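Read off the chains here:
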Amino acid sequence: MQRPFCYIFSLPNRIAMIRNTALISALICSPLLAAPTVAVYDLDAPVTESGTQASNPFLLDSPERPLTHFDIIRSLNQALTDDEVPAVVLDIDGAQLSLAQAQEIRALLQQLRAANKDVWVYTEYLTPISALIGSAANHMTLMPAGDVQLQGLYGESLYFKNLLDKVGVKVEVVHIGDFKSAGETFYRESPSEYAKKQEDALLDSVFSQIVEQISEGRKIPPAKMKEIIDLGSITPQQALEFKLVDHLEYRTNFINNLRELHEDETKFDDSYALPDLNGPEITGFFDMMKILMSAGKEKKLNSPYIAVVPLEGTITDESIAKARLEILKATRNTHCKGLVLRVNSPGGSALASDVLWEATSQFKKTKRPFVVSMGGVAASGGYYISAAADEIYAEPGTITGSIGVVGMKLVMGDALDKLGINVHASKRGKHADILNSTRPYTDQERAMIKQSMLEVYANFKQRIVDGRGDKLKGQLEKLAGGRVYSGADAKSVGLVDKLGGLQDAISRTVELSEAKDAKILMLPEPKNPFDGLFAVPEKDEHEFISAAPTRSLQSISLSSSDLLTKELRQMLPLSLSQQLHEFSKQLKSIQKDQIQLLSPALPKL
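Residues numbered from 1 in each chain as written. Predicted model: local features only at pLDDT ≥ 70, side-chain atom pairs only at ≥ 80, totals over all residues. Heavy atoms only, no water.

(A) Representation of the packing of helix H7 (residues 193-218) against helix H8 (residues 222-230) in the model. Remark: H7 packs on H8, axes separated minimally by 9 Å, with the N-to-C direction vectors making an angle of 115°. Regarding the angle of H7 to H8, the classification is roughly perpendicular. As for how H7 packs across H8, the hand of that crossing is right-handed. Counting all contacts with H7, which are made through Phe 207, Val 211, Ile 214 and Ser 215, the residues of H8 involved are Pro 222, Met 225, Lys 226 and Ile 229. (Axes fitted to C-alpha atoms, helices over the stretch in contact; angles between N-to-C directions. Helix = DSSP H or I, 4+ residues; strand = E, 2+ residues; numbered from the N terminus. Parallel < 35°, antiparallel > 145°, perpendicular 65-115°, else oblique. Left-handed = near helix turned anticlockwise from the far one by under 90°. Contact = heavy atoms within 4.5 Å.)

(B) A look at empty space enclosed by the protein. Evaluated as defined, the whole model comprises five cavities of 30 Å³ or more. Put simply, the second largest cavity is a space of about 50 Å³. Taken together, Pro 128, Leu 150, Gln 151, Gly 152, Leu 153, Phe 207, Ile 210, Ile 214 and Ile 229 make up the lining of the second largest cavity. Ranked by the residues each element gives to the lining of the second largest cavity, the list is headed by H7, at three residues. Partitioning the lining of the second largest cavity into residue classes produces seven nonpolar, two polar and no charged. (1 Å grid on protein atoms, 1.4 Å probe; cavity = no way out; pocket = protein on both sides within 12 Å on 5 of 7 lines; lining within 4 Å. Points joined across faces, edges and corners; volume = space filled by probe spheres on them. Nonpolar A, V, L, I, M, F, W, Y, C, P; charged D, E, K, R; others polar.)

(C) Representation of the pairing of strand E14 (residues 405-411) within the structure. Burial within E14 is extensive, with seven of its seven residues counted as buried. Pairing geometry for strand E5 (residues 170-176) and E14, over seven bridges, is antiparallel. Counterpart to Ile 176 in the pairing with E14 is Val 405. Examined bridge by bridge, E14 and strand E18 (residues 595-598) share two bridges and lie antiparallel to one another. For Val 406, the partnering residue across the bridge sits in E18 and is Gln 596. (Buried < 20%, exposed > 50% of the residue type's maximum accessible area, 1.4 Å probe, protein only. Pairing = 2+ DSSP bridges.)

Scope: geometric values only; no functional claims are made or implied.
Rendered as structure tokens:
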């Protein structure tokens, strides 16, 4: 019988062969032979928290899903420990980052520099945000003919009273808290003294942060930095002379210089550790059918994971639906080892805020860690839904607090008269018409509404006492009353635990859960417009009655009022168009819920 092939080798020869094979394999797999990668972040569109399309998907403005803040910080964090990444490159001109987002990105870039990795930033607009991020770079480049906008901080708030007067609409507003100035834009022509006071305090805090952080990064004394800002207008050449930037180059030269600096085999990767934003490739009928067949199928989460759930925008029944659904699913799934709630919201409906708070309280009962990461703003209802967390993280520039209540009712009697519309009303019950939209409150009705709001306010404060306890520094009533804080100031009074960003909150949750190998998952997973078109409404089989609509915001049809808002927004500066959009959303929210946990309309910086 013939012997197997392997027996023709003597033992020493076989050992030598194994050793040589192992050596060759090690050399092939060695990172020393891997081509270096430069991670490129070309942020040419607004960076969202949730990845939800802001525009109507049927218009198909872009086939890509938006890049999220979670995507960016996860990628930068991976680059930090990847020996094959010697450098990162950022162009943030289209990102529209909030101050809190910029501060977290800056902190990660500082860590990259500490790890001896090069950080390159290119910009055509030197603004407080781009200068802040550039202060962490060792190569900050400005276009030679770039626009320098370092005049300081300026914001405008829109007040709509005169507009509403012209169309015959009045907004009845009741405040709980002297500093609860939300709603002033509806019935005043300018801010109250309380509103001015807190606006000034917030601007002082934010301005000092920006000056100090740019000064620290660029090695410019803070007093000198303020002098530069007060010049009002400087040229790119002066920006170079003042050491605000390192180079003046056009984009083509910037790219060519980077390529010359690195080896020929270096890969410039604009998708490094980022998800696929393009969606499925559709080349024919069968590709379309494949998408349709897979629509609505939920991925099974059968291994340890940390859930990162974003809540973004004004709080309404619909806006909280997906976050609530994911939190409850995480509560029931024992593979979920911890929850990070990423909050970027000015608040909204008091009722919807409490509905989402209740979902977080259900998760907290499992004794698994629950941590909140605050984004650009987490105020009023945004703070309410954060109160139950084991720990709250905020960036120094986060806007938070605004613990108070405001009640509003639209009175449209004069508007209907102008249109020649008569209203006939019938009622049964003395106060059945308390929300009558054709007349203001009576004194008795106003007292009733205020009593209801006082109960909501008491409940709000109790949520904070239950969640924060002895972490609060001082009496809660002196911290509440509608007062607004920067993240730095909120930490000093115990409204937040630590200064830090989303990555810090995730790391802390992993630490508390002791689940070092757990996957970090953003839920719900953001979808591109094509996925949104074919997606079916998500259902929680466990809940046979739904708390709120769960249809995708991407599937909502575009109304004529939204089209008008879009046209106005195209004509106005970005900050003012955003305020108009928020005004429109608040009007819709008031029509459904008269009692609101809404932060004031602070100037858009």
